[in-house]
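Notes for the structure review
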Amino acid sequence: MNRAFISQEKGWGSKPHISLYSWVSGLTLLAMSLLAPVNPVFTQVLQGQARQIPRNVPLTEAQILDRIRQSGLSREQARAKLQEAGYDQGLADRYFDILESGKDGGDNAASPEFVDALRQIGVAESGVQSNSDSSSSALEPTAAPAQTQNGTGVFGMDFFRRDPSSLGSTDAIGPVDRDYRLGPGDELFLILTGDVEQAYTLSVTREGFVIIPDVGQILVNNLTLEQLEDRLYSRLGAVYSGVQRGAGATTHFQISLGRLRSNQIFVVGDVVSPGAKQISSLGRVLHALYAAGGPTERGSFRRIEIRRGEKLVATFDLYDYLLRGDASNDIRLEHGDRVFVPPVGAQVTLKGVVKRPAIYEVKPGDEGLADVLAFAGGLQADAVMRRVQIDRILPPGERSEGRYRVLRDADLKALENGAFIPVNDGDIVHIHTIPSLVRDRVWISGAVNNPGLFEWVAGNTVSNLIARADGLTDPVYKPRLQIYRLDPATGERSMLHASVDGGVDPILADGDSVVVLSREQLRNPSVVSIEGFVKEGGSYAFAKGMTLRDLVLAAGGFTPGANVSEAEVSRLSNPFVRSDTTAHVFRVSLGMDTTEKGFLGAPDWAPSLSDVVLQPGDRIFIRRAPGYRPLEQVVVTGEVLYPGRYVLQDRNERVVDILTRAGGLTGEAYAAGIRISRRGTIVAADVERALRDPSHRSNISLEPGDSIHISTYDPTVTVMGAVAFSSRVLYRPGQSLDHYLSQAGGITENGDRKRITVSYTNGERAQMRKTLWVHRAPEVLPGSVILVPEKPERERTQFDWDRFLTRTLTVLGTLATVWVAVDR
C-alpha cells in the first residue's frame, strides 16, 4: 500500500494515522483507477501493447473451405499430403464432403490440429496475425481486375480472378502420357497374370524406390513409364521365369499409375500471392499461376520464365494462350521448379470502338498499332478509319519545358498496305466512332398508314413515298401537305408545299421530311359532359345529332337518388357577340314518371327520355331528387342488450332514442362513461344526465357514421405525466386530486400543478381553476386520467433560491460532519 496513504507519526501510538492529505491522495488514486479505462491516453497505451502481442486467429469452417478451393487440391491429393506430413489421411474428408455437396460452410471454428495440418501442407496461412493485419488470407486474389484512372482494365487480369475450379483439375482422367516421370508420392498398380496371379499397390518412397514383395527394392525415381517397364522385365524375370518378352512368356505384367504425387512449385515475382504452391505432378505453368492468383497489375503477361535449377527451361507468353489458345509453351512443371513473373513491360491503353478495349502489354519495336488492334479483336463496324489519335508521353530526350505530352494522328488505312505504326510505353490510343447522322433517307409522318423512315432513292416523288407508306388514312386534308428540306450548304431549313389530290408531285431530296395533315388533327375537338347522379360522369366526344338521351345512355344511366324529372343544361354563349352573359343555363324536362311506381319500375325508362338535341360544349347536370336520402347508420357497441348497427329513422334522432332501440343498458354498464365518436373525434357529452333528462342538451342529435360505446365500470384512476412514476390507482370515493397524485409519488420538480387536467371516460375534460388566489382541483371519477404536464422551458430556467439555499446548507453540513470525523 502507498506510504502516503497510511503513515505512522510520533505521539499517536501504534495505530495508523489517516491524515487529510492521505485521504486526498487515496481518493485521487481511486479516481485514476476508475477513470483509466475511459482515458484516451491510457486506452492508446493499452492498444499499443496489444498490437505488440500477436494472437492466434482461429479459422472457421467457411474459411477452411475457401482455402481448399483456392489450393486446387483434389481429395486424393490432400490425403496424400496429409499422410506425407505424418497426419491422419481422413482429416480433410469432412470438408471435401461439404464441397462436393455444394453447401456453404458455417462459422464453427476448426480444430487447431487440423489448421496446423493444413498449414504444413501449404493450404492455410499462419493464424498468427497482428491486430493491424487484415483478416483475409494472402492467398485470396483481388475481387476485380485492376482498373486504371480512366476505368480501362488490364487485359487478362480477370482470367485469374475467377473461381479456381474454372481452370479444371490437374488430375489425369484416363491414361497418363508415357513420358511422365515418376517421383516420390506417386502410386503404381502392378498386376501379374498367367503362372502367377498377383496385384500390388506400390507407393514411391521419399528416396524414389518401390518395394515389390518377393522381388525387392527397385529405384524408379525420374523414370518414365516406358523405362520402368524395361526395368521390370529385368527384375521380375529374375524371380518369375515366365516373365519375358515375346510370345513364349507365360507370365504377363501390367504397370499403371494410380494416385499422382504433388509437386512443390515456387511462384515468385509480381503475382498476387507469391510463394510455394502445391500442384499436381501433371500441373503446368497455368496451374501454378492460377494457384498464385495470377500476375498483379504490375506483373508481365508476356515474359513469364520457368527455371529448373540454374537453367531457364522455357518462357511463356500468356497472350499466346489467351488470344489464340496456343499452349505449346505451357510445359509440365517438376518438383522445385520456379515460375518467375517479371515486372510489366511497355503498356498501351486502347479505348473507343474496338471489340475489347483494355490495357495491353507490347514489345516495342516488334509490335505496333496493328498488333495492339489484333489483341483487341479488331475494330467495331462504326469505327472511323482515318481518325485514330494517340495520346503519347514524350521520351525524356524529346521533352522540353511545357512539352511533355503530344497528340499524334494515325491513318488505319495505311495498315492495310502493310505500314508499321510504332507504339510507345504509356500511349493511349483512341478509336473514334462515326457520326450518328443517317443519310439516304426520307421521313413521312401524319395521316398515313405506315409512317416512319424510308430509303431515299433519286427521282422518287411524294406520291411514291405515300405509296410506300401504305397509303393515306381517312380523313386527310388534301389541299396541302408540307415538305421540310434542309439546305446542306447554308444549314437553313425551308418548307415546300404540295397537294394530295393532284397537281404538282415534287421530287424528294435526301433528308426530306413529309407531313401529311389530318382533318381530325386540324379540327378542334368537340365534347359534351354530364355530371351528377349518373354512373359514369365525365366528358364524351360530341357527334352531330346527339341527344340528351344518348348522353345519359353513354354515361351508364342514372344512379339511385337521381332527379329523373328534369336536368340542367349549361350552354356556351355566342362567341362572336359580346355580352355580359357567359353561358345560357336552362332546365329541360326528362319526361320521366316521378311516382313511386315510376321510380322503382321497369328498366325501360330510356325511351321515355327527352330527345333534346345537344350542341358542342354542353354540360348536363343530373341533380339529386328533393326527397332522396340514403339509409344512414350509427354503431352501438359495449354494454347494451342489442349492440350493432342502427339506421337513423329521421333527421333528428338522438342518443337516448338509439339506446332505447338497442334495449337499454345492461347491469354492467357504466352510464357516466358512455362515449360518442364522430369522424374519429370524441364528442364530450354527459349521456348519463341525458338518460335521466332526455331534454338535456347532452342528448344530441346523431349524424351518419357516429358510434356510441358503453363501457364497463373501471375502478381505477390513471396518473401520468410529470409524476414520480406513472401508475393506476384504485378509485376511492370522496378523495381529492392530491390523494391520487401522492399515490403516484408526487409531482416532479418540472411538473406544472397549475395546468393539471382530468379526462373522463365520456370524453369530457376538466382543468385546475383559480378563484382569486385559490386553485380549485377538478373532481376525480372512476376511469379518469390525470395528466400532469411539465413546466414551460422559460419557467424551468428561472433561478430557485429556495432550492439553492437548501442544497447549500445540506452540503455545508455534510462537510462539517466529515471534518469533525477526520479531526477525531
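See the structure shown above.
An account of the accompanying structure is given in this report. From a predicted model like this one, the values you see are computed outputs, not experimental measurements. (Residues numbered from 1 in each chain as written. Predicted model: local features only at pLDDT ≥ 70, side-chain atom pairs only at ≥ 80, totals over all residues. Heavy atoms only, no water.)

**Some points on the pattern of salt bridges**
Formally: In what follows, salt bridge is the name for a side-chain nitrogen of Lys or Arg lying within 4 Å of a carboxyl oxygen of Asp or Glu. Each helix is a run of H or I in the DSSP string that is no shorter than four residues. Each strand is a run of E no shorter than two, and both are numbered from the N terminus.
All told, the structure shown has 29 salt bridges when counted by the stated rule. With a shortest N-O distance of 3.8 Å, Arg-261 and Glu-334 are connected by a salt bridge. Residue Arg-261 is found in the loop between β7 (251-257) and β8 (262-269), and its partner Glu-334 is found in the loop between α9 (318-324) and β12 (338-341); the two are separated by 73 residues along the sequence. Across the pair Asp-320 and Arg-324 runs a salt bridge, and its minimum N-O distance is 2.5 Å. Within this pair, Asp-320 and its partner Arg-324 are both found in helix α9, separated by four residues, close to a single helical turn.

**Topic: a nonpolar patch on the surface**
Which entries qualify depends on this criterion: A patch is a set of surface residues, each over 30% in relative accessible area and not in a salt bridge, joined within 9 Å for like charges and within 5 Å for the nonpolar side chains Val, Leu, Ile, Met, Phe, Trp and Tyr. Values of accessible area rely on a 1.4 Å probe in the Shrake-Rupley scheme; residue burial ignores everything except the protein chains shown.
Residues Leu-809, Val-811, Leu-812 and Leu-815 make up a contiguous nonpolar surface patch of roughly 420 Å² in combined accessible area. On the secondary structure map, Leu-812 appears in helix α20 (residues 801-823).

**A look at the sheet that holds strand β24 (residues 538-541)**
We count it as follows: When DSSP finds two or more bridges between a pair of strands, those strands are recorded as paired. Every axis in this analysis is a line fitted to C-alpha atoms, fitted for helices over the stretch in contact. Angles between the N-to-C directions lie between 0 and 180 degrees.
One open sheet accounts for five strands, arranged β24-β23-β27-β25-β26; its pairing is mixed. Each edge of the open sheet carries a strand with a single partner, namely β24 and β26 (583-589). In this sheet, neighbouring strand axes are inclined to one another by 25° on average, regardless of whether the strands run parallel or antiparallel.

**Describing the environment of Ile-421**
Note the following rule: Note on contacts: a residue pair is in contact if any heavy atoms of the two residues lie within 4.5 Å.
Among the secondary structure elements, Ile-421 is positioned in the loop between α11 (413-416) and β17 (428-433). Once the C-alpha coordinates of Ile-421 and Gly-368 are considered, the two residues, 53 residues apart in sequence, prove to be 5.5 Å apart. Contact partners of Ile-421, with chain neighbours within four places excluded, come to Gly-368, Leu-369, Ala-410, Asp-411 and Leu-415.

**Quick word on the nonpolar core**
Where we set the bar: For the purposes of this section, nonpolar cores are sets of buried Ala, Val, Leu, Ile, Met, Phe, Trp, Tyr and Cys residues that join through side-chain atoms within 4.5 Å. Exposed residues in this analysis have more than 50% of their type's maximum accessible area, buried residues have under 20%, and partly exposed residues fall in between, with area computed by a 1.4 Å probe over protein chains only.
Counting residues in each nonpolar core, the largest one holds 49 residues, and the members touching the most others are Val-339, Leu-350, Tyr-360, Leu-369 and Ile-431. Beyond its immediate stretch of four places on either side in the chain, Val-339 contacts Ile-265, Phe-266, Val-267, Val-268, Val-285, Ala-288, Leu-289, Ile-304, Glu-305 and Leu-333. Of all hydrophobic cores here, the second largest spans 27 residues; its members include Leu-192, Val-220, Val-243 and Phe-253.

**Some remarks on the sheet that holds strand β30 (residues 675-678)**
Across the sheet, five strands lie side by side as β29-β28-β32-β30-β31; this open sheet has mixed pairing. Edge positions in the open sheet fall to β29 (644-647) and β31 (681-683), since each of these has one partner strand only. Taking each pair of neighbouring strands and ignoring which way they run, the sheet shows an average axis angle of 30°. Here strand β28 (residues 633-638) pairs with β29 via four bridges, running antiparallel. Each residue of the ladder has a partner; that of Val-635, found in β29, is Arg-645.

**Considering the side chain of Arg-392**
Operational definition: Whenever two N or O atoms come within 3.5 Å, that pair is a polar contact, provided that in protein one can donate a hydrogen and the other can accept it, and provided that, for residues adjacent in sequence, both atoms are side-chain atoms.
Examined against the element boundaries, Arg-392 turns out to sit in strand β15 (residues 383-393). Arg-392 sits in the buried class, given a relative accessible area of 14%. At 3.3 Å, the side chain of Arg-392 and the backbone oxygen of Pro-422 are in polar contact. Within the structure, Arg-392 has its side chain in polar contact with the side chain of Asp-427 (distance 2.9 Å).

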